[in-house]
Amino acid sequence: MAAKKLPKRAVISKNLTFVNITQMQCQTIQVVEDIILDKKQLQSYKGYNNYGAWLKDKYKGHRVFKVIVDGGFTCPNRDGSKGYGGCTYCNVDSFTPSVSRNAPTLREQVEQGMERAIKGNKADKFIIYFQPNTNTYAPAHYLKMLYDEALSINTENIVGLSVGTRPDCIDAEKIALLESYTDRFDVDLEMGMESIYNDTLNQINRGCTHEELISALALTENTKLDVCVHTIFGFPWETKEMMLKYADEINRHAQIKFVKFHHLHIVEGSVMGVKYKREPFKLFSLPDYADFLCELLPLVREDIVIQRLFGLSDRELLIAPNWGLKKSEIQYYIDQQILTRGVVQGSAL
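Residues numbered from 1 in each chain as written. Predicted model: local features only at pLDDT ≥ 70, side-chain atom pairs only at ≥ 80, totals over all residues. Heavy atoms only, no water.

(A) Layout of the overall build of the protein. Scanning the protein from N- to C-terminus turns up 13 helices and 11 strands. Expressed as a percentage of its 349 residues, the buried residues of the protein come to 53%. Counted over contacts in the protein with a minimum sequence separation of 6, partners at least 24 positions apart contribute 79%. Counting every atom, the protein has about 16100 Å² of accessible surface; 50% of that belongs to carbon and sulfur. (Helix = DSSP H or I, 4+ residues; strand = E, 2+ residues; numbered from the N terminus. Buried < 20%, exposed > 50% of the residue type's maximum accessible area, 1.4 Å probe, protein only. Contact = heavy atoms within 4.5 Å. Areas by Shrake-Rupley, 256 points an atom, 1.4 Å probe, with all protein chains shown as cover.)

Here is the structure:
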């Protein structure tokens, strides 16, 4: 489902104020709020192929939410197989919900995650999401045991399995295992691209190359798996022109169905966090990041579904950039910038 055309609208403006903690200043941004004659159009139009609308359309109006579970995995650049310390930007706790960190068993994580989604978001269908660390970094028989257990809980209301991993921890046997679930569930294989440049991957201690991502993508050709790639924008040595080229690389792989775009943020407990405190470097402001996305989206294939436009860390772990806004307010600001500028995903192709 491609991005929808802009409906007829009337426009008013309002101010949104955010605090830029890193620069110790308060900024007020004027955003545009659309009054759309058809409320359904207002809910569905964003100028890009957004994941929320895709889920609603695919699952016929059901409220589908991801339940994040921690399978107790590590990463090959943490345990010494390919290095130590992990990716320099990473602290796993910064993006893992406390309900997953604190629940001792897989069953409790799934049950509590479902309960929270039902109470907080009125969810009625679920995607089991193995997110923290590298969730294929184990023998296939062990992975099957974990996936089977998670999918056995409230199975009638589970519509999907999503597995986050690294491209160097995928092989034909694991692809076959994941594909074996596709007769019952939609299966999303999420791989960290992070950057398309090997120099960047080396600087962030990634422990794998972009060529290994290409090889992993080749394994997914002609399978029933939905492939998602995760990128990070804002490494200080990459220029805007370099980052815009990510779109070309994503576009050329037809098997990529989903993307997650994140801006670089610096968190406590990471190597990059230590370096940033010693010598701060430039990071995206919210207006600058919105500007960048407005240039990027027209370059992205219109059929690709965008699961995220930005990432957030737990506030107590976030060092920078602290935009001083809630997730919903950041989303609102970015969406309004896309809308008012008439940005349409894929329009430059």
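(B) Structural detail: the nonpolar core. Grouped together as the largest cluster of nonpolar side chains are 71 residues, with contacts concentrated most on Ile 128, Phe 130, Leu 161, Phe 261, Tyr 289, Leu 309 and Ile 334. If you tally residues by element for this core, the top one is helix α12 (residues 286–296), at 7 residues. Other than its neighbours up to four places away in sequence, Phe 130 contacts Val 69, Gly 71, Phe 73, Leu 106, Asn 135, Leu 146, Tyr 147, Ala 150, Leu 161, Ser 162, Val 163 and Gly 164. Counting residues in hydrophobic clusters, the runner-up holds 14 residues, among them Cys 87, Leu 201, Met 272 and Tyr 276. (Core = buried A, V, L, I, M, F, W, Y, C linked by side-chain atoms within 4.5 Å.)

(C) Main features of the pairing of strand β8 (residues 256–263). Burial analysis of β8 places 7 of its 8 residues in the buried class, the great majority of the element. Two elements, strand β7 (residues 226–233) and β8, share 7 bridges in a ladder whose sense is parallel. Paired with His 230 across the two strands is Lys 260, which belongs to β8. (Pairing = 2+ DSSP bridges.)

(D) Examining the sheet that holds β7 more closely. With respect to topology, 7 strands assemble into an open sheet ordered β3-β4-β5-β6-β7-β8-β10, the strand pairing being parallel. Sheet topology places β3 (64–69) and β10 (305–308) at the edges, where each strand pairs with a single neighbour. Strand-to-strand twist across the sheet, computed as the mean angle between neighbouring axes with direction ignored, equals 25°. The pairing of strand β4 (residues 125–130) with strand β5 (residues 158–165) spans 5 bridges and is classified as parallel. Along β5, the bridge assignment pairs Phe 126 with Ile 158. (Axes fitted to C-alpha atoms, helices over the stretch in contact; angles between N-to-C directions.)

(E) Looking closely at the pattern of salt bridges. For the coordinates displayed, the defined rule picks out 17 salt bridges. The partner of Lys 260 in a salt bridge is Glu 190, and the shortest N-O contact between them spans 2.9 Å. Here Lys 260 is found in strand β8, whereas its partner Glu 190 is found in strand β6 (residues 186–194), with 70 residues between them in sequence. This pair shows no difference in class: Lys 260 is buried, exactly as Glu 190 is. (Salt bridge = Lys/Arg side-chain N within 4 Å of Asp/Glu carboxyl O.)

(F) Highlighting unusual backbone geometry. In the segment running from Ala 320 into Pro 321, the intervening peptide bond is cis, with an omega of -10°. With respect to the helices, strands and loops of the structure, Pro 321 is situated in the loop between β11 (318–320) and α13 (327–340). We note that Asn 154 has phi near 55°; this positive angle belongs to a residue other than glycine. Positionally, Asn 154 belongs in the loop between α5 (140–151) and β5. A relative accessible area of 26% places Asn 154 in the partly exposed class.

(G) Main features of the environment of Asn 205. Considering the arrangement of structural elements, one finds Asn 205 in the loop between α7 (198–203) and α8 (210–219). C-alpha separation for the pair Asn 205 and Thr 88, spaced 117 residues apart in sequence, amounts to 6.1 Å. Residues within four places of Asn 205 in sequence aside, it is in contact with Asn 77, Tyr 84, Gly 86, Cys 87 and Thr 88. A distance of 3.0 Å separates a polar side-chain atom of Asn 205 from the backbone oxygen of Tyr 84. Reaching out from Asn 205, the side chain makes a polar contact with the backbone oxygen of Gly 86 at a distance of 2.9 Å. (Polar contact = N/O pair within 3.5 Å; in protein donor to acceptor, adjacent residues only side chain to side chain.)

(H) Region of interest: the packing of α5 against helix α6 (residues 172–179). Running from N to C, α5 and α6 point in directions that differ by 20°, and their axes come no closer than 10 Å. Judged by the angle between their axes, α5 and α6 are roughly parallel. The handedness of the crossing between α5 and α6 is right-handed. In this structure, α5 contributes Ala 140, Leu 143, Lys 144 and Tyr 147 to the contact, and α6 contributes Glu 173, Lys 174, Leu 177 and Leu 178. Residues that form the contact of α5 with α6 fall into these classes: 5 nonpolar, no polar and 3 charged. (Parallel < 35°, antiparallel > 145°, perpendicular 65-115°, else oblique. Left-handed = near helix turned anticlockwise from the far one by under 90°. Nonpolar A, V, L, I, M, F, W, Y, C, P; charged D, E, K, R; others polar.)

(I) Molecular detail of empty space enclosed by the protein. Counting across every chain of the model gives 3 cavities of 30 Å³ or more. Quantified by volume, the largest cavity comes out at close to 90 Å³. Residue lining of the largest cavity: 13 residues in total, with Tyr 51, Tyr 59, Ile 127, Asp 186 and Asp 188 positioned closest to the centre. Where the lining of the largest cavity is concerned, the elements lending two or more residues are α2 (51–58), β5 and β6. Residues of the lining of the largest cavity, tallied by class, amount to 8 nonpolar, 1 polar and 4 charged. (1 Å grid on protein atoms, 1.4 Å probe; cavity = no way out; pocket = protein on both sides within 12 Å on 5 of 7 lines; lining within 4 Å. Points joined across faces, edges and corners; volume = space filled by probe spheres on them.)

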